[in-house]
Amino acid sequence: MSIEFRPITEVIGAEAIGVDLSRPLDDETFSALHQAWLDHTVLLFRGQDISVERQKTFSLRLGTSLDIHIQTDYLLDDHPEVLVLSNLKTDDGKPVGTKDGGRHWHSDLYWKDIPAKASLLYGRECPPVKGDTLFINMGAVYEALPEETKRRIDGKKVLISRVRSWPIDYPHRPPLTEAEKANLPDVVHPLVRTHPETGRKCLYIGNEASAWIVGMDDDEGKALIDELMDFARQPRFGYAHKWQAGDALLWDNRSTMHCATPYDEINHRRLMYRTTIMDGIHPA
Ligand code: SIN
């Protein structure tokens, strides 16, 4: 199989040409793809026709396990490793997936002690306009920070509290129950993490709405998060993916943040399958 990786921008994203994810990949192709993914942080595969089994098998090859999401209502029947993102409903009116997930800048499973390594999002049905997924290369962001900012954030830690941020993230959803809260303890991560495979330093916020800074009062910490996010959101670090049915996007949660965007949920259909890849490596 002759493959090519065509950069999407100078700092983020590449399209993998000549890769058919519906078939097993030989070691040479997989290793080229893996390296291109590390280099570009987001890989796009267009025109794919991937079964659920293939999506799971390919995803698992990139890590040690697949996450089973805590939003159990939105897992695919018989395939709990697949999280469904969708505005569609079953014939009896039950949502088939989460329709408003990920609308803040975040990395997947940011609330976990060991967050996700990677995510593969496969677009089965996509709205003709809007519903883009936005990405930022957080390694490029860190490198471009003023030296004074790098000194200021050196050694700082980010505190992630899904419990505190739930009403901000999901104002239209019911509050968390005490049992759910007990399953979501606060976690702390370095604000600057070293990517375990590339050695690149990457800014880590987790989720812009859920992040506080250890040792700073709330206002001061939020001001620092806002300052860093304002810097990170500059278009020069980012990529907005416009979905077509058959697109598969593989992103590195250790070196990117992403953000889902709204679309016309009344008139258009969106059905996406996400596998979330874990590696058991504690961020450092
Ligand atoms: C996600 O945050 O994983 C979902 C992104 C999207 O639905 O565009």
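Residues numbered from 1 in each chain as written. Predicted model: local features only at pLDDT ≥ 70, side-chain atom pairs only at ≥ 80, totals over all residues. Heavy atoms only, no water.

A look at the site of the ligand
Short version of the rule: Throughout, the term near means that a residue has one or more heavy atoms lying within 4 Å of the molecule or strand in question. Nitrogen and oxygen atoms within 3.5 Å of one another constitute a polar contact, given that in protein one can donate a hydrogen and the other can accept it, and given that sequence-neighbouring residues count only through two side-chain atoms. All accessible areas in this document rest on Shrake-Rupley with a 1.4 Å probe, and a residue is counted as covered only by the protein chains that are shown. Side-chain classes are defined by residue name, with Ala, Val, Leu, Ile, Met, Phe, Trp, Tyr, Cys and Pro counting as nonpolar, Asp, Glu, Lys and Arg as charged, and the others, Gly among them, as polar.
For the ligand, the full set of nearby residues is Gly 102, His 106, Asp 108, Thr 133, Trp 251, His 258, Ala 260, Arg 270 and Arg 274. Within the side chain of His 106, a nitrogen or oxygen atom sits 3.0 Å from an oxygen atom of the ligand. Protein contacts shield 98% of the accessible area of the ligand, which totals 260 Å² for the unbound molecule. Of the residues that constitute the shell around the ligand, the class distribution is 2 nonpolar, 4 polar and 3 charged.

Things to note about the side chain of Glu 208
The criterion, for reference: In this description a helix means any DSSP run of H or I spanning at least four residues, a strand means any run of E spanning at least two, and both kinds are numbered starting from the N terminus. Any two residues whose heavy atoms approach within 4.5 Å are treated as being in contact.
Position of Glu 208 among the secondary structure elements: in the loop between strand S12 (201-203) and strand S13 (211-213). A distance of 3.0 Å separates polar atoms of two side chains, one belonging to Glu 208 and the other to Arg 233. Those residues in contact with Glu 208 that lie beyond four places of it in its chain are His 104, Trp 105, Lys 222, Ile 225, Met 229, Arg 233 and Met 257.

Here's the deal with the domain arrangement of the protein
Basically, it comes down to this: Annotation comment: domain bounds sourced from an automatic or database domain assignment. Accessible area, probed at 1.4 Å, shrinks when two parts are joined; the buried area is that loss added up over both. What makes a salt bridge here is a side-chain nitrogen of Lys or Arg within 4 Å of a carboxyl oxygen of Asp or Glu, nothing more.
Looking at the protein, the domain boundaries give domain 1 (4-136 + 241-278) and domain 2 (140-232). When each unit is reduced to the centre of its C-alpha atoms, the spacing between domain 1 and domain 2 is 22 Å. Listed as interface residues are 26 residues of domain 1 and, on the opposing side, 27 residues of domain 2. Taking both sides of the interface into account, the surface hidden between domain 1 and domain 2 amounts to around 2200 Å²; carbon and sulfur atoms contribute 54%. When the buried area of domain 1 at its contact with domain 2 is split by residue, His 104, Tyr 110 and Arg 254 rank highest and sum to 32% of it. For the pair domain 1 and domain 2, the interface holds 3 salt bridges. Across the salt bridge formed by Asp 100 and Arg 173, the nearest N and O atoms sit 2.6 Å from each other. The interface formed by domain 1 and domain 2 includes 12 residue pairs in polar contact (both at pLDDT 80 or more). Counting residues per element, the side of domain 1 that touches domain 2 draws most heavily on helix H1 (residues 27-40), which supplies 3 residues. When the residues that make up the side of domain 1 that touches domain 2 are grouped by side-chain class, the tally is 10 nonpolar, 10 polar and 6 charged.

Observations regarding the packing of aromatic side chains
This is how it is decided: Here a pair means two rings of Phe, Tyr or Trp (six-membered ring of Trp) with centres within 6.5 Å. Their orientation is stacked below 30 degrees between planes, edge-to-face above 60, and tilted elsewhere. Residue burial is assigned from relative accessible area. The probe radius is 1.4 Å, only protein chains are included, and a residue is buried under 20% of its type maximum, exposed over 50%, and partly exposed in between.
Under the criterion given, the structure shown has 6 aromatic pairs. For the ring pair Trp 166 and Tyr 170, a centre distance of 4.6 Å and an interplane angle of 55° mean the geometry is tilted. Under the relative-accessibility criterion, Tyr 170 is labelled buried at 8%. Through a chain of ring-to-ring contacts, the aromatic side chains of Phe 30, Phe 45 and Phe 58 assemble into a single cluster.

Digging into the sheet that holds strand S8 (residues 133-137)
Rules: Two strands are counted as paired when DSSP detects at least two bridges linking them. Angles run from 0 to 180 degrees between N-to-C directions of axes, and those axes are lines fitted to C-alpha atoms, restricted for helices to the stretch in contact.
Sheet architecture is open: 3 strands sit in the order S14-S8-S16, paired in antiparallel fashion. The sheet is open, and its two edges are formed by strand S14 (238-241) and strand S16 (256-260), each paired on a single side. Pairs of neighbouring strands in the sheet enclose a mean axial angle of 20°, with direction left out of account. Note: S8 against S14, 4 bridges, orientation antiparallel. Within S14, the position partnered with Phe 135 by the bridge is Tyr 239.

Thoughts on the nonpolar core
Within soluble globular proteins, side chains that are nonpolar generally end up buried alongside one another. Heads up, the condition is: Throughout, nonpolar core names a set of buried Ala, Val, Leu, Ile, Met, Phe, Trp, Tyr and Cys residues whose side chains join them through atoms within 4.5 Å.
Residues Met 138, Val 141, Ile 153, Leu 191, Leu 203, Ile 205 and Leu 228 are the most contacted members of the largest nonpolar core, which totals 37 residues. Secondary structure elements with two or more residues in this core: helix H3 (138-144), strand S9 (157-160), S12, S13, helix H7 (218-232) and S16. At 6 residues, H7 tops the list of elements feeding residues into this core. Residue contributions to this core reach at least three from each of two domains, namely domain 1 (4-136 + 241-278) and domain 2 (140-232). If we skip the residues at most four places from it in the chain, Leu 203 touches Met 138, Val 141, Tyr 142, Ile 153, Leu 191, Val 192 and Leu 228. Core analysis: the second largest hydrophobic core is formed by 22 residues, Ile 50, Leu 120, Tyr 122 and Ala 248 among them.

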